[in-house]
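Coordinate analysis (summary)
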Amino acid sequence: MTGAQKPLAGRTMIMSGGSRGIGLEIAKRAAADGANITLIAKTDAPHPKLPGTIHTAAAELESAGGTVLKYLGDVRDDEAVADAVRQTQERFGGIDLVVNNASAIDISPTELLPMKKYDLMQDINCRGSFLLSKLSIPALKESAQAGRNPHILTLSPPLNLDPKWAGMALGYTIAKYGMSLTTLGLSEELRKYGIGVNSLWPRTTIATAAVKNLLGGEQMIATSATPDIYADAAYLVLTSPAKDTTGNFFIDDDVLAAHGITDLDKYRVTPGDAPLTTDLFL
């Protein structure tokens, strides 16, 4: 394929998390184009309930065609994130794409939510997205000046102020809406530089370890879509013109439909036409 057909060839993506699930699928889609990818992840050894480590993820990305910088670190650690950004620029010469993927979830009601868990969600979801984006801005400005189509993509929902959502899981809602506020604010702040800043959220639940372990078990997995739908939508956002694509709260199937992809059967975990479970915040 030519460069025009592989728009992320030679581009550099830095992603929080990404050792499994949706983040890994998004990174693999970029790797297939020949992108450089830095993963900032803290899973060094296998987790008893969760598949994948930073090492297995890097191997998958390299076999898909990407070049990988593994950064074993925590998105809550300011120095670690700054070092990961620095190492990415040294290794690959810049940063073109920032993907805020790392996220913690606990949908306990307020009375039952431990403050330690509240702090974890704030620190990873909201603060982590703010921090990685903030530290990448100088490199993204350089990317824009070089005509390399820079984007920040945050995996967070539309800002839906229907009290239903805050009333169901207040701590988690605050943390996810904090991520979405970074999209709202940074899209406006960085618009003049030609940096695209958007959020992306799935229409339906996605078959990941988090959904299986924390939301609904195997039953919910059966009525979910595969992570590929999120990854394909993310790829379309990240390859769209940054100057004209900013400040959006995209939903995965809307992105696909806008590009003429309306047959979504291949993304079903369970073949057929049974209704899928709608995701939170929609």
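Structural data are supplied above this passage.
Residues numbered from 1 in each chain as written. Predicted model: local features only at pLDDT ≥ 70, side-chain atom pairs only at ≥ 80, totals over all residues. Heavy atoms only, no water.

**Focus: the overall build of the chain**
Note the cut-off: Secondary structure elements are taken from DSSP: a helix is a run of H or I of four residues or more, a strand is a run of E of two residues or more, and numbering for both begins at the N terminus. Categorising residues by exposure relies on relative accessible area from a 1.4 Å probe, with only protein chains included: less than 20% of the type maximum marks a residue as buried, more than 50% marks it as exposed, and the intermediate range marks it as partly exposed. Areas reported as accessible are Shrake-Rupley estimates using a 1.4 Å probe. Residue values count occlusion only from the protein chains shown.
Assigned secondary structure in the chain consists of nine helices and seven strands. Structurally, the chain occupies a C-alpha span of about 50 × 40 × 40 Å along its principal axes. The buried share among the 282 residues of the chain stands at 50%. A total of about 12,500 Å² of accessible surface is found on the chain, and carbon and sulfur atoms cover 55% of it.

**Section: the sheet that holds strand 1 (residues 12–16)**
Backbone-to-backbone hydrogen bonds join strands into a sheet, with any given pair of strands oriented parallel or antiparallel. Selection criterion: DSSP calls a pair of strands paired once it identifies at least 2 bridges connecting them. Note on definitions: angles span 0 to 180 degrees between N-to-C directions of axes, and those axes are lines fitted to C-alpha atoms, for helices only across the stretch in contact. Throughout, a residue-residue contact means that at least one pair of heavy atoms, one from each residue, lies within 4.5 Å.
Pairing within the open sheet is parallel, and its seven strands lie in the order 3-2-1-4-5-6-7. With one partner strand each, in any of the chains shown, strand 3 (67–72) and strand 7 (249–251) form the two edges of the open sheet. When strand polarity is set aside, the average angle formed by the axes of neighbouring strands in this sheet is 20°. Bridge analysis of strand 2 (residues 36–41) against strand 3 gives six bridges, and the strand direction is parallel. Residue pairing in the sheet places Thr38 in a bridge with Leu69 of strand 3. Sitting on the sheet, helix 4 (residues 115–145) is in contact with strand 1, strand 2, strand 4 (97–100) and strand 5 (151–154), with an inclination near 180° to strand 4.

**What to know about the nonpolar core**
Stated precisely, the cut-off is as follows: Nonpolar cores were defined as sets of buried Ala, Val, Leu, Ile, Met, Phe, Trp, Tyr and Cys residues, with membership established by side-chain atoms within 4.5 Å.
Among the nonpolar cores identified, the biggest contains 72 residues, and Met13, Ile26, Ile37, Leu61 and Tyr172 are the most heavily contacted of them. Considering every element that reaches this core, the biggest residue donor is helix 8 (residues 227–238), with nine residues. For Ile26, the residues in contact, after removing those within four places along its chain, are Met13, Met15, Leu155, Ala231 and Ala234.

**Some points on the environment of Ile221**
With respect to the helices and strands, the residue Ile221 is situated in helix 7 (residues 209–222). Placed 49 residues apart in sequence, Ile221 and Thr270 show a C-alpha to C-alpha distance of 8.7 Å. Ignoring any residue separated from it by four or fewer positions in sequence, one finds Ile221 in contact with Ala207, Thr208, Val211, Lys212 and Val269.

Nothing here speaks to function; it is geometry throughout.
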